[in-house]
Number of protein chains: 2
Amino acid sequence: MKTNYRNVTLLGGFFKEKEDLNRAVTLDAVYDRFAESGRIAAFSCNWKEGMPNRPHFFWDSDVAKWMEGAAYVLSREQDTDLQSKVEHLIDEIEKNQGEDGYFNIYFTVCEPDKRFSNRDWHELYCAGHLMEAAVAYYEATGRDRFLRLMEKYADYIEKVFVREKSAPYETPGHEEIELALYRMYTCTGKTKYLDLMKHFLERRGQEDNHEAQIFHAARYAQSHLPIRRQKEAFGHSVRAMYLYAGMADLARETGDRELLDACRSLFDDVTKKKMYITGGIGSTCMGEAFTAAYDLPNNTAYTETCASIGMMFFANRLFQADPTRDSRYDDAVELEFFNGAISGLSLDGECFFYENPLEIYLAERRRIISTNDRERFPITQRPKIFGCSCCPPNIVRLLASLGEYIYAYDETRDTVYIRQFAESVYNDGKHTVKVQTAYPEDGVIRIESDCAFAVRMPKWCQAFKADALYRAENGYAYFEKGTVTLTLDMTPCLVTSRLGVVRNIGKAAYRRGPIVYCAEGVDNQDIQTLYFDKTANRAATAMKDDLLGICLTVKGYRRLETVADGLYAPLDEAFAPCEIRLIPYASFANRGESDMAVYLMYR
Amino acid sequence: MKTNYRNVTLLGGFFKEKEDLNRAVTLDAVYDRFAESGRIAAFSCNWKEGMPNRPHFFWDSDVAKWMEGAAYVLSREQDTDLQSKVEHLIDEIEKNQGEDGYFNIYFTVCEPDKRFSNRDWHELYCAGHLMEAAVAYYEATGRDRFLRLMEKYADYIEKVFVREKSAPYETPGHEEIELALYRMYTCTGKTKYLDLMKHFLERRGQEDNHEAQIFHAARYAQSHLPIRRQKEAFGHSVRAMYLYAGMADLARETGDRELLDACRSLFDDVTKKKMYITGGIGSTCMGEAFTAAYDLPNNTAYTETCASIGMMFFANRLFQADPTRDSRYDDAVELEFFNGAISGLSLDGECFFYENPLEIYLAERRRIISTNDRERFPITQRPKIFGCSCCPPNIVRLLASLGEYIYAYDETRDTVYIRQFAESVYNDGKHTVKVQTAYPEDGVIRIESDCAFAVRMPKWCQAFKADALYRAENGYAYFEKGTVTLTLDMTPCLVTSRLGVVRNIGKAAYRRGPIVYCAEGVDNQDIQTLYFDKTANRAATAMKDDLLGICLTVKGYRRLETVADGLYAPLDEAFAPCEIRLIPYASFANRGESDMAVYLMYR
């Protein structure tokens, strides 16, 4: 099973729009913000106490993710300006890398004596992101300088953590280097990187590994159990996703069934018990973490953009690792991409959400707290940069490598998998597949393939039609080579939640195809008084809005005030029929600050 | 207009039960906990650094409130043991009071050089509670030693704050002394205490009074405006209530219309915009404070017991101050007493709630936060004492002086007001009124009076019947002297909230007479899946439970799970008819930890 974004050319539709927006706006916007905040200059490692823009210990990773995104762009086009920005950073890395191979902005200039002294100071995480960028840059451009520098760094890390064991901890506090080392291994073919990746994975949560006390709890950093015994998702959701992605890589590499089973359990635990309808994961700001099953509050949802992107990494890898080729992994990728991940980026491509709540009642957020303190809620407008700005460059690298998620080639079955629906061409030199579609504007998908192919049958789709014979297996429709036109039923419908999700009882959300909808105050006043008309469930009108995407108009009711005076009165209800305008969830907060709700009452 | 608890003898019913429980259990339980925690011994002022039980700057007030409660008890009966406990405390106060009149446990032994240096260190608040206790003890027993000590203290305070102005602030951070000084004035007849009360009230929120910065915001301590311009309730809810009670006292004393109008506006703002259906006020733990209008979250409701008791103080005083004799004040007293205030005491009389939430979903509160931190929710079981244990002795003094709220005599109208319904006798030496009733078990009230009398017509009551002629005015029914039997319609019914209360839309609560109900998990599994049957709204069955009071059985439905797998599915609903058992809200959390909700869905 192989995926390779370089074999995929996007030609139109939602994926292409986002790829283009990233290229035209986001890539430069993120670089400029990083330059303004001192992150780029920090790579020259001449910061001294008293100077502005003191580096932070996660800055390497912010810039490395941007470099990785730039590399993907450079694989498709020449851009000397862009390339020179990357080369400049590589120059600085080369210049400031230690003789021993060590490189980290923060510890080089701010706390040189603290190198590898604290498990939670993100050094291995930063190293991982630099390695991913180096691999991407080499694969995109053929230029291997950065890769060689990072090989040297990886060798040094191997020395410190395996041969000398001189650090006071054994595994990273924030996982990432595991999957980076796997990329180093697949890129260079050197098994020492696979061995080091295995080392970090296998030592995690071992009883003789005293790393449990970080942030007061081992579960925070997924160090509570050895990896094969981890069956429930716990702790910091981004760390969890990166770890699970690395576990899936190792399971694919080694065919380890026990490890694959752990990955499947973790995937099920997340998607069946701990995921918002938008794909958002990690429901609390406390520790940016998973909580208990079904604990999915809407107004305080943390649901970090990076966690949704991490879920795409994990699902993408698990699809490749799991020989059942189950469609649930790609269903999850689709859900994230159209909703919880892409909501992290404003429609103009310049602003970002770190958190992606499912409900905003501004009055609640504007509680007049007499102390001037406020209860903590996610912010309601996307800023251009954050102090902890991990999400923006994660979006950059995601949107520059979307081909990774759209197709895959399975050598054992000699089959191309069409995993996501996008106007595009797949060409790996041996096989060519063309997909024509306006999806998700409509559900008609025309496929032309010179080899056998499989097409995902999305679980949200209640009627999947094809004008050719196919064999359905684990959510994929298998076709012989040739031409086929598919029609996916995109009728919008109300979706309900399992009753354990206490805050959703009596409420429902609209979904059309993979897209989850929300109501905004800017379109509908007092959204808390709106009820969907459940008898008109499947009668919504879909209409394209140039800014927001496909919007819905649905029948509903507005509840009228019946309490004449004061706060409470014997029950009496009055409703007026009305139309409710819904927009794609990911398009919320693009027209000023507004109330917003994914779930409304229904009657 | 006069109220005097000593003119009232409770003979039976809910008020009497609580008075007896307090006498038999709570009074001693609070004293014992205060003794165990060092609060009693602290009055000997021999604590030194290194010793256990370091005094806290609010300890004087805790014990003073208990002394006030003990005084009320001693007005009704001889109890040499109880009296000697109070006398012992007075001995210690006398022994340790400064030559200048100053008395405070904490500042005497812990920080003697910090006397009156920080507005928020509760010294004037503690002084006020000691004064209230001294007045109560003198009026109950005729023993004036404590009162004389407190007069000396009040004189010293007058010197510091009025004559010398030597403190770095002008008015108390936590109001209380205002209403205490009014009691000192009415008890002794000395106008200097009225003057000092006026001083503290009138200086509050004056532009040349730089006290705004306490706790970062003037509104926290109601110092944002002069008292007559305060029309909306802000800040710490207990502080607010004590201030407004003092304002009402001053309005009564002086007939100041502008001040009375401010009190009325504040009362309306609280009861019509910021009060839970249970009477709970102060919806956020942040600053224990009021927030915005209609911001009444159920699960995180702070709703301090002291705030509800404070609301009873304010309403009781405002009833007396407002010549309209409007029943809304006594409606508020009744609501608080049967619900949000009394819920602060366990049914066994030994345990207390500081916060009184309207909804408990244990799963939500048990969120597995990987950091081992938890999001903040109110506790779910009543403990025997708190570090900040203001509520328990507030309950003690309330329950020992209930007669204060039940009757009042208006000299100008020569009318006895029957404000609350309790089996009782009123006798002020001139007039006698007898009330026979099983209220709130039923709504039949038999009254025998040797003078004209007025009976409250509760706003919750949809049918008020009397077997004699009466004149209705502002919610009171005015009768000539004689005998009358009233019948109040106590039919339970569903109550809805104004739509601005976002969290209550689509939900309703049951109320029977003044009593608000809740569902507990111990009686009904998975209460979040229960729906009331709105067509059976007025068909609830009421039945007495010896522990819990009058309970209700109502028709409803249980929503059945329709999501076969995972978290989300197209809307499909299934319900099974069921019975829902409801208990009085104030009786919740008396049978172990349990889910609880005042509001349920309905259909």
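Parameters and conventions
- Residues numbered from 1 in each chain as written.
- Chains lettered and ligands numbered in written order.
- Predicted model: local features only at pLDDT ≥ 70, side-chain atom pairs only at ≥ 80, totals over all residues.
- Heavy atoms only, no water.
- Axes fitted to C-alpha atoms, helices over the stretch in contact; angles between N-to-C directions.
- Helix = DSSP H or I, 4+ residues; strand = E, 2+ residues; numbered from the N terminus.
- Parallel < 35°, antiparallel > 145°, perpendicular 65-115°, else oblique.
- Left-handed = near helix turned anticlockwise from the far one by under 90°.
- Contact = heavy atoms within 4.5 Å.
- Nonpolar A, V, L, I, M, F, W, Y, C, P; charged D, E, K, R; others polar.
- Core = buried A, V, L, I, M, F, W, Y, C linked by side-chain atoms within 4.5 Å.
- Buried < 20%, exposed > 50% of the residue type's maximum accessible area, 1.4 Å probe, protein only.
- Disulfide = S-S within 2.5 Å.
- Buried area = accessible area lost by both parts, 1.4 Å probe.
- Salt bridge = Lys/Arg side-chain N within 4 Å of Asp/Glu carboxyl O.
- Polar contact = N/O pair within 3.5 Å; in protein donor to acceptor, adjacent residues only side chain to side chain.
- Pairing = 2+ DSSP bridges.
- Expected span 1.5 Å × (residues − 1).

### With respect to the packing of helix α6 (residues 145-163) of chain B against helix α7 (residues 177-188) of chain B
Residue and element names in this part refer to chain B.
1) Next: Orientation of α6 relative to α7, taken along the N-to-C sense of each, is 125°, at an axis distance of 12 Å. As summarised for this structure, α6 and α7 are arranged oblique, according to the angle between their axes. The crossing of α6 and α7 is left-handed. Counting all contacts with α6, which are made through L147, M150, E151, A154 and I157, the residues of α7 involved are I177, L181, M184, C187 and T188.
2) Next: A class-by-class count of the residues in the contact of α6 with α7 yields eight nonpolar, one polar and one charged.

### What about the nonpolar core?
Nonpolar side chains tend toward joint burial in soluble globular proteins.
1) Next: Counting 214 residues, the largest nonpolar core has W66(A), F116(A), I157(A) and F314(A) as its most contacted members.
2) Next: Sorting elements by how many residues they give to this core places helix α5 (residues 123-141) of chain A first, with 12 residues.
3) Next: Residues in contact with W66(A), not counting those within four places in the same chain, are L27(A), V30(A), Y31(A), F34(A), L82(A), K85(A), V86(A), L89(A), P393(A) and V396(A).
4) Next: F14(B), A64(B), I177(B) and A251(B) belong to the second largest nonpolar core, which has 213 residues in total.

### Side note on the state of the cysteines
Residue and element names in this part refer to chain B.
1) Next: Scanning the entire structure with this criterion turns up zero disulfides over all chains.
2) Next: C45 supplies the cysteine sulfur nearest to C110, a cysteine that is in no disulfide, at a spacing of 9.3 Å.
3) Next: For C110, a relative accessible area of 11% gives the class buried.
4) Next: Sulfur of C391: no disulfide; nearest cysteine sulfur belongs to C306 and is 3.5 Å away.
5) Next: For C391, a relative accessible area of 0% gives the class buried.

### Thoughts on the interface of chain B and chain A
1) Next: With 78 residues of chain B at the interface, the matching set in chain A holds 78 residues.
2) Next: Buried area between chain B and chain A, summed over both chains or domains, comes out near 6300 Å², and the portion from carbon and sulfur atoms is 56%.
3) Next: Interface area lost by chain B to chain A is led by L567(B), Y568(B) and L571(B), which between them contribute 12%.
4) Next: At the boundary of chain B with chain A, the tally comes to 12 salt bridges.
5) Next: In this structure, E561(A) engages R498(B) in a salt bridge whose closest nitrogen and oxygen atoms are separated by 3.8 Å.
6) Next: For the pair chain B and chain A, the number of links is 30 residue pairs in polar contact (both at pLDDT 80 or more).
7) Next: For the side of chain B that touches chain A, the secondary-structure elements that each account for two or more residues are α10 (257-273), β13 (493-497), β19 (568-570) and β22 (600-602) of chain B.
8) Next: In terms of residue count, β13(B) provides more of the side of chain B that touches chain A than any other element does, five residues in total.
9) Next: Alignment of strand β13 (residues 493-497) of chain A against β19(B), held across three bridges, turns out to be antiparallel. Directly across from T496(A), in β19(B), lies its bridge partner A569(B).

### Side note on helix α12 (residues 328-340) of chain B
1) Next: The end-to-end C-alpha distance of α12(B) is 17 Å, a good match for the 18 Å that 13 residues give at a rise of 1.5 Å each.
2) Next: Along α12(B), the residues classified as buried are Y329(B), D330(B), D331(B), A332(B), V333(B), E334(B), L335(B), E336(B), F337(B), F338(B), N339(B) and G340(B).

### Brief notes about the sheet that holds strand β12 (residues 482-488) of chain A
Residues and elements named next belong to chain A.
1) Next: A sheet is described by the order of its strands in space; here six strands give the open sequence β1-β5-β6-β7-β12-β9, paired in antiparallel fashion. At either margin of the open sheet sits one strand with a lone partner, and together these are β1 (8-12) and β9 (464-466). Between one strand axis and the next, the sheet turns through 15° on average, direction left out of account.
2) Next: Across five bridges, strand β6 (residues 432-437) lies against strand β7 (residues 444-449) in antiparallel orientation. If you follow T437 over to β7, its bridge partner there is I445.

### Here we look at unusual backbone geometry
All names here are of chain A.
1) Next: The peptide bond linking Y439 to P440 adopts the cis configuration, its omega dihedral lying at 5°.
2) Next: You can see P440 is positioned in the loop between β6 and β7.
3) Next: In the Ramachandran plot, C45 falls in the positive-phi region, its phi being about 55° despite a non-glycine side chain.
4) Next: With respect to the secondary-structure elements, C45 resides in the loop between α1 (13-36) and α2 (59-74).
5) Next: Look at C45 and you get buried, because its relative accessible area is 13%.
6) Next: At Q222, a position not held by glycine, the phi torsion is positive, near 55°.
7) Next: Structurally, Q222 is set in the loop between α8 (191-203) and α9 (237-254).

As far as function goes, none of this settles anything; it's purely spatial.
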